Amino acid sequence: MSGNRPAVRGARGVSIRPAAERDIPRLVAVELDAGEMFRTVGLDAIADEEPDDPDTLRAHIQDGTAWIAESDGEVVGYAIASVVDGNAHLGQVSVIRSAQRIGIGRSLIEQVEHWGRERHLGAVTLTTFVDVLWNAPYYARLGYQAVPHSELTPGLAAIRENETADGIDLRPRIAMRKPLDPEKSDV
């Protein structure tokens with residue numbers, strides 16, 4: 001399926017489409033709103049972090065690696081991806097608080113998985129907090145498994161090192177992986 005058309009149906013009443021430059025201000029607002037959830041688990045510093053800068057978002061949009069979830073013409077969530085060590089890497093998924101828990105995040109993650117399959121990538125990877133309910137436990141329910149530190153690929157190890165250097169490791173964090181093709185499940 002073309003990268004310009006939605007590959008995955010969103011949650012009821014929600015459509016997933018490639019992000020456009022005109023969406024950048026809303027993507028920033030979505031990330032700020034979604035980040036407020038971290039205050040509920042004592043991670044105020046994460047909530048206070050600056051969102052992705054517009055140039056980073058613009059680069060993902062130009063590369064075709066940014067998608068938005070829309071409901072009634074309103075951007076309610078987004079995801080960005082990249083290729084890390086030959087796998088799709090989910091760099092960010094955010095959904096505004098008023099639209100959470102209805103499947104929008106899952107639809108965006110499925111879009112990234114679809115994108116990875118289209119490119120014949122073996123897995124989707126991500127990094128996340130171990131004990132935040134909407135982080136590692138949520139991804140585990142979607143089929144993601146923890147990657148032991150000894151099995152981190154060079155790119156994932158670099159991401160984790162950057163997170164540590166940036167002060168994100170306020171609570172335990174891990175890398176996770178979900179195979180996209182059973183034939184490549186060792187990736």
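Here the structure is a predicted model, which is why all the values come from computation and not from measurement.

Novice: Explain the pairing of strand β7 (residues 173-179) to me, and be specific about the residues and the numbers.
Specialist: The buried fraction of β7 is high, at five of seven residues. Pairing analysis gives seven bridges linking strand β5 (residues 123-129) to β7, with the strands arranged antiparallel. By the bridge assignment, Val-124 is partnered in β7 with Lys-178. Of the strand pairs in this sheet, strand β6 (residues 145-147) and β7 are connected by three bridges, and their pairing is antiparallel. For Ala-146, the partnering residue across the bridge sits in β7 and is Met-176.

Novice: Give me the nonpolar core: which residues, what numbers.
Specialist: Among the nonpolar cores identified, the biggest contains 39 residues, and Leu-27, Leu-90, Ile-104, Leu-108, Tyr-139 and Tyr-144 are the most heavily contacted of them. Sorting elements by how many residues they give to this core places strand β3 (residues 74-84) first, with six residues. Beyond its immediate chain neighbours, meaning those up to four positions away, Leu-27 contacts Ala-19, Leu-57, Ile-61, Ile-68, Val-75 and Tyr-78. In this structure, Ile-46, Ala-47, Phe-129 and Ile-168 belong to the second largest nonpolar core, which totals seven residues.

Novice: I'd like a description of the pairing of β3, backed by residues and values.
Specialist: Across the 11 residues of β3, eight count as buried, placing the element largely inside the fold. Here strand β2 (residues 66-71) runs beside β3; their pairing, made up of six bridges, is antiparallel. Each bridged residue has a counterpart across the sheet, and for Trp-67 the counterpart in β3 is Ala-79. Linkage of β2 to β3, two consecutive antiparallel strands, is achieved through a turn of two residues, within which Asp-72 is found at a positive phi near 50°. Here β3 runs beside strand β4 (residues 87-95); their pairing, made up of eight bridges, is antiparallel. Paired with Ile-80 across the two strands is Gln-92, which belongs to β4.

Novice: Explain the sheet that holds β2 to me, using residue names and the numbers behind them.
Specialist: Spatially, seven strands are ordered β1-β2-β3-β4-β5-β7-β6 in an open sheet, and the strand pairing comes out mixed. Bordering the open sheet on either side are β1 (14-18) and β6, each of which pairs with just one other strand. For this sheet, the mean angle separating the axes of adjacent strands, direction not counted, is 30°. Relative to β5, β4 is paired through two bridges, and the arrangement is parallel. Residue pairing for β5: His-89 is matched across the bridge by Thr-125. Against the sheet, helix α4 (residues 104-118) makes contact with β1, β2, β3, β4, β5 and β7, and its axis sits at roughly 160° relative to β4, the strand it touches most.

Conventions used here
Residues numbered from 1 in each chain as written. Predicted model: local features only at pLDDT ≥ 70, side-chain atom pairs only at ≥ 80, totals over all residues. Heavy atoms only, no water. Buried < 20%, exposed > 50% of the residue type's maximum accessible area, 1.4 Å probe, protein only. Helix = DSSP H or I, 4+ residues; strand = E, 2+ residues; numbered from the N terminus. Pairing = 2+ DSSP bridges. Core = buried A, V, L, I, M, F, W, Y, C linked by side-chain atoms within 4.5 Å. Contact = heavy atoms within 4.5 Å. Axes fitted to C-alpha atoms, helices over the stretch in contact; angles between N-to-C directions.

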